[in-house]
Structure formats: structure tokens, C-alpha cells
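# Structural features, examined
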Amino acid sequence: MKAILKDILGISLYLLAILVLTFLVIQFVGQRTVVQGESMENTLMDGDNLIVDKLTYRFHEPKRFDVIVFPYQQGKNTYYIKRVIGLPGDSVYIDEVGEIYINDEKLMEGYGKEIILDPGMAGDTMYLGADEYFVLGDNRNASADSRDPSVGVIKREHITGRAWLRIYPFDSIGFIKHE
């Protein structure tokens, strides 16, 4: 009888350790997320399964062109995936022909799937605070992002992590391109 209780206790402690370790990994290191929608095409596609790196930003701040994950403030349990375009302290402006300007200099980047048709709030110069980021989806005309008042600029404290690795579909497994 003692041997059975000892085995049950050993298995219980083993399972508890696995649960605690799993919780710690999901909470502080990484988590799986699924892309829903077309706002990040051609970089990420609807249905892609990703691992989000939650550790990197504990050691340094997000960089321009990082693909980040953050909660949508208007919806519960909804996360957005967008690309960082403007950094804290930057001014961001999108002109009438869809060109992006950071601190009055034209941004040279090739992530946008197409020319921006609606600059939204960035049609007027937006000035980012010390903890604010301006984000865009790569599929610029099919993305709710910092141009949209329902999303707006992203506060540093709301950034969950950095899109790190695509794990599904299997023929597209690989690290996410940031710069």
C-alpha cells in the first residue's frame, strides 16, 4: 500500500511540475497564436500558426520593422499582429499618394503589399510619445492599424511579444522576417 501511495505521489508531483513549467513558458517565454485575416499578407497568411517570442522585449525595446503581437483594446481575447513603423519620439505622416514619412524623411521599406489609399489619422502628422509605437499591417489597404482610431498608437506595456516562428502550414515553416 505504501508503494502505491509513493507512486501516486511521485506521478502527481511530476504532473504538477509539468503544469507549472508549461504555465511559466506560456506566461514569460513564448506562446502559440493563429493569424486570422489578411492584414499581414504577404508576410503572414490567414491560418498561419506562429510562436510568439515573449522574452526578447524583456531585454530590449521593439525595433522598426519588428512584427509584434498586442491585444486589441476594443475586444476581449483578440490579438493583432502588425509591423512597427514608428518608434517612440517619432513623427509619422502618410501623404496623399501613400508615402510614409518618419521625422519628415520618406521611409524606405518594401513590406507594404500595395500603395496606401487611406492615410487615416496619419494624414495629419502623428507625434508618438515616449512609450508609443505606430504599427501598420503589410496588406495596407486591408488592415486596421495605427491609422484607425479603434487601434491607434500602441503603448509599450501592451506589446505581448514578437512574432518569431511560423510552425504551420508545414511547407512554410520558418522564422519571421523582421528587417
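Presented here is a report on the structure given in the accompanying data block. What you see is a predicted model; the values in this text were computed from it and never measured.

Glancing now at the overall build of the protein. What the protein contains, in helices and strands, is one helix and 12 strands. Helices (α) and strands (β) of the protein occur, in sequence order from the N terminus, as α-β-β-β-β-β-β-β-β-β-β-β-β. The C-alpha atoms of the protein give a radius of gyration of 20 Å, which is well past the 16 Å a tight globule of 179 residues would have. In terms of overall dimensions, the protein has a C-alpha envelope of 80 × 35 × 30 Å along the principal axes. Residues counted as buried form 41% of the 179 residues belonging to the protein. Partitioning the contacts of the protein with sequence separation of at least 6, the portion at a separation of at least 24 is 62%. Accessible area of the protein: about 10500 Å², with a carbon and sulfur share of 58%. On the protein, the mean spot of the 19 positive side-chain charges and the mean spot of the 26 negative ones are 11 Å from each other.

Let's shift gears to the sheet that holds strand E6 (residues 100-102). Across the sheet, which stays open at both edges, the four strands sit in the order E7-E6-E5-E8 with antiparallel pairing between neighbours. Only two strands of the sheet have a single partner each, and these edge strands are strand E7 (105-106) and strand E8 (126-127). Judged from the two bridges that link them, strand E5 (residues 91-94) and E8 form a sheet pairing that is antiparallel. Residue pairing in the sheet places Ser 91 in a bridge with Tyr 127 of E8.

Moving on to the packing of aromatic side chains. Taken as a whole and judged by the stated rule, the model has six aromatic pairs. Ring geometry for Phe 70 versus Tyr 80: centroids 6.0 Å apart, planes at 70°, classification edge-to-face. Taken together, the positions of Phe 70 in strand E3 (residues 67-71) and Tyr 80 in strand E4 (residues 79-86) put the pair 10 residues apart, joining distant regions of the chain. For the pair shown, Phe 70 and Tyr 80 are each scored as buried. Every member of this aromatic cluster is reached through a ring pair, and the members are Phe 70, Tyr 72 and Tyr 80. Here the guanidinium or amino end of Lys 82 rests over the ring plane of Tyr 80, the centre of that ring lying 5.0 Å away. Over the face of the ring belonging to Tyr 111 we find Arg 83, whose NZ or CZ atom lies 3.6 Å from the ring centre.

It is worth spelling out the nonpolar core at this point. Within the largest apolar cluster, 14 residues are counted, with the highest numbers of intra-cluster contacts made by Ile 85, Ile 94, Ile 100, Ile 102, Leu 107, Phe 134 and Leu 136. Going through the elements one at a time, E5, E6 and strand E9 (132-136) are the ones with two or more residues in this core. Look past the residues within four positions of Phe 134 in its chain and what remains in contact with it is Arg 83, Val 84, Ile 85, Gly 86, Val 92, Ile 94, Ala 122, Met 126, Leu 128, Ser 146 and Arg 147. Among the nonpolar cores identified, the runner-up in size contains 12 residues, and Tyr 80, Leu 87, Val 151 and Ile 159 belong to it.

Taken as a whole, this structure holds 10 salt bridges when the rule is applied. Across the salt bridge formed by Asp 48 and Arg 166, the nearest N and O atoms sit 2.5 Å from each other. Here Asp 48, found in the loop between strand E1 (30-34) and strand E2 (49-53), pairs with Arg 166, found in strand E11 (residues 161-168); they are 118 residues apart in sequence, far enough to count as distant. A single burial state applies to Asp 48 and to Arg 166, both of which are buried. Residue Arg 140 is joined to Glu 109 by a salt bridge in which the shortest nitrogen-to-oxygen separation is 3.1 Å. Separated by 31 residues along the polypeptide, Arg 140 in the loop between E9 and strand E10 (154-155) and Glu 109 in the loop between E7 and E8 bring together distant segments of the chain. What you see here is one network of salt bridges that share partners, running through Asp 131, Glu 132 and Lys 155.

Rules used throughout
- Residues numbered from 1 in each chain as written.
- Predicted model: local features only at pLDDT ≥ 70, side-chain atom pairs only at ≥ 80, totals over all residues.
- Heavy atoms only, no water.
- Helix = DSSP H or I, 4+ residues; strand = E, 2+ residues; numbered from the N terminus.
- Rg over C-alpha atoms; globule rule 2.2 N^0.38 Å.
- Buried < 20%, exposed > 50% of the residue type's maximum accessible area, 1.4 Å probe, protein only.
- Contact = heavy atoms within 4.5 Å.
- Areas by Shrake-Rupley, 256 points an atom, 1.4 Å probe, with all protein chains shown as cover.
- Lys, Arg positive; Asp, Glu negative; His and termini not counted.
- Charge placed at Lys NZ, Arg CZ, Asp CG, Glu CD.
- Pairing = 2+ DSSP bridges.
- Phe/Tyr/Trp six-rings, centres within 6.5 Å; stacked < 30°, edge-to-face > 60°.
- Lys NZ or Arg CZ within 6 Å of the ring centre and 35° of its normal.
- Core = buried A, V, L, I, M, F, W, Y, C linked by side-chain atoms within 4.5 Å.
- Salt bridge = Lys/Arg side-chain N within 4 Å of Asp/Glu carboxyl O.

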